[in-house]
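Analysis of the macromolecular model
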Amino acid sequence: MLSDTELRHLRRCVELAAEALEKGDEPFGSVLVAADGRALAEDHNRVAGGDRTRHPEFELARWAAANMTPEERAQATVFTSGEHCPMCAAAHGWVGLGRIVYVASSEQLAAWLAEMGVPAPPVRSLPVRDVAPGVVVQGPVAELTEQVRDLHRRYHGAR
Ligand SMILES: [Zn+2]
């Protein structure tokens, strides 16, 4: 079960994903939270400019490496609207961040995109545990999943 504070962080991720969509970007949002529950940094997808690596989880991992001690990173949690892709899961693992809590799993997202007829991405979709087995992962979170699915539907112009 998630606490109210944890749910609030996840709701913020969905808001950030909606912000990205409004700016014409893919709807993904993430928040980096310290051990005491404080949000330290947040971001959303910025791939619309042409750099397909500009995922929020990747940005947050690099922010954590630059601004946090290894101990602080290990105790931090990354909340995110969609489970980390393999690139972001690897970055998360390399910088030694702690838990991940996501709304929608990579498996769910892949199924939704396939259903909408979106071509497969150039990088295979894998669960975080297959990329960074030491990371504690929690999700999907059913009460917010439909909202995230809806953002992806809107991005891809599907109904
Ligand atoms: Zn990613």
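Up top you'll find the structure we're talking about.
Residues numbered from 1 in each chain as written. Predicted model: local features only at pLDDT ≥ 70, side-chain atom pairs only at ≥ 80, totals over all residues.

**Some remarks on the environment of Glu-83**
You can see Glu-83 is positioned in the loop between β3 (77-82) and α4 (86-94). Residue contacts for Glu-83: discarding those within four places in its chain leaves Tyr-102, Ala-104, Ser-105, Ser-106, Val-128 and Gly-139. (Helix = DSSP H or I, 4+ residues; strand = E, 2+ residues; numbered from the N terminus. Contact = placed C-beta atoms within 7 Å.)

**Describing unusual backbone geometry**
Between Gly-139 and Pro-140 the backbone carries a cis peptide bond, its omega angle lying at -5°. Here Pro-140 is to be found in the loop between β5 (137-138) and α7 (142-155).

**Things to note about the nonpolar core**
With 37 residues, the main nonpolar core has Leu-10, Cys-13, Ala-17 and Val-103 as its most contacted residues. Those elements that place two or more of their residues in this core are α1 (4-22), β1 (29-33), α2 (56-67), β3, α4, β4 (99-104) and α7. The leading source of residues in this core is α1, at 7 residues. Ignoring sequence-local partners within four residues, the contact set of Cys-13 consists of Gly-29, Ser-30, Val-31, Phe-79, Thr-80, Ser-81 and Val-103. (Core = buried A, V, L, I, M, F, W, Y, C linked by C-beta atoms within 7 Å. Buried ≥ 20, exposed ≤ 12 C-beta atoms within 10 Å, placed from the backbone.)

**Quick notes on the environment of Leu-21**
Looking at the element boundaries, Leu-21 is found in helix α1. Judged by the 20 C-beta atoms lying within 10 Å of it, Leu-21 is buried. Placed 134 residues apart in sequence, Leu-21 and Tyr-155 show a C-alpha to C-alpha distance of 6.5 Å. Discounting chain neighbours no more than four positions away, the residues touching Leu-21 are Pro-27, Leu-151, Arg-154 and Tyr-155.

**Looking at the packing of α2 against α4**
Where α2 meets α4, the axes come as close as 8 Å, and the angle between the chain directions of the two elements is 15°. With respect to α4, the element α2 is oriented roughly parallel. Where α2 crosses over α4, the two elements pack in a sense that is left-handed. Residues Glu-57, Phe-58, Ala-61 and Arg-62 of α2 lie in contact with α4, whose contacting residues are Met-87, Cys-88, Ala-91 and His-92. The residue makeup of the contact of α2 with α4, split by class, is 5 nonpolar, 1 polar and 2 charged. (Axes fitted to C-alpha atoms, helices over the stretch in contact; angles between N-to-C directions. Parallel < 35°, antiparallel > 145°, perpendicular 65-115°, else oblique. Left-handed = near helix turned anticlockwise from the far one by under 90°. Nonpolar A, V, L, I, M, F, W, Y, C, P; charged D, E, K, R; others polar.)

**Overview of the sheet that holds β3**
Strand order in the open sheet formed by 5 strands is β2-β1-β3-β4-β5, with mixed pairing between adjacent strands. Each edge of the sheet is formed by a strand with only one pairing partner; in this case those strands are β2 (39-44) and β5. Of the strand pairs in this sheet, β4 and β5 are connected by 2 bridges, and their pairing is parallel. Bridge pairing links Ile-100 to Val-137 in β5. Packed on one face of the sheet, α1 meets β1, β2, β3 and β4 and runs near 145° to β1. Most of the contacts of α2 go to β1, to which it runs at about 25°, and overall it touches β1, β2 and β3. (Pairing = 2+ DSSP bridges.)

**Looking at the pairing of β4**
When you tally the buried positions in β4, you get 5 out of 6 residues, the bulk of the element. Relative to β4, β3 runs parallel, the two being bridged by 5 bridges. Of the residues in β4, the one forming a bridge with Phe-79 is Val-101. As for the winding sense of the linkage, the β-α-β connection from β3 through α4 to β4 is right-handed. (Right-handed = clockwise from strand over helix to strand, strands pointing away.)

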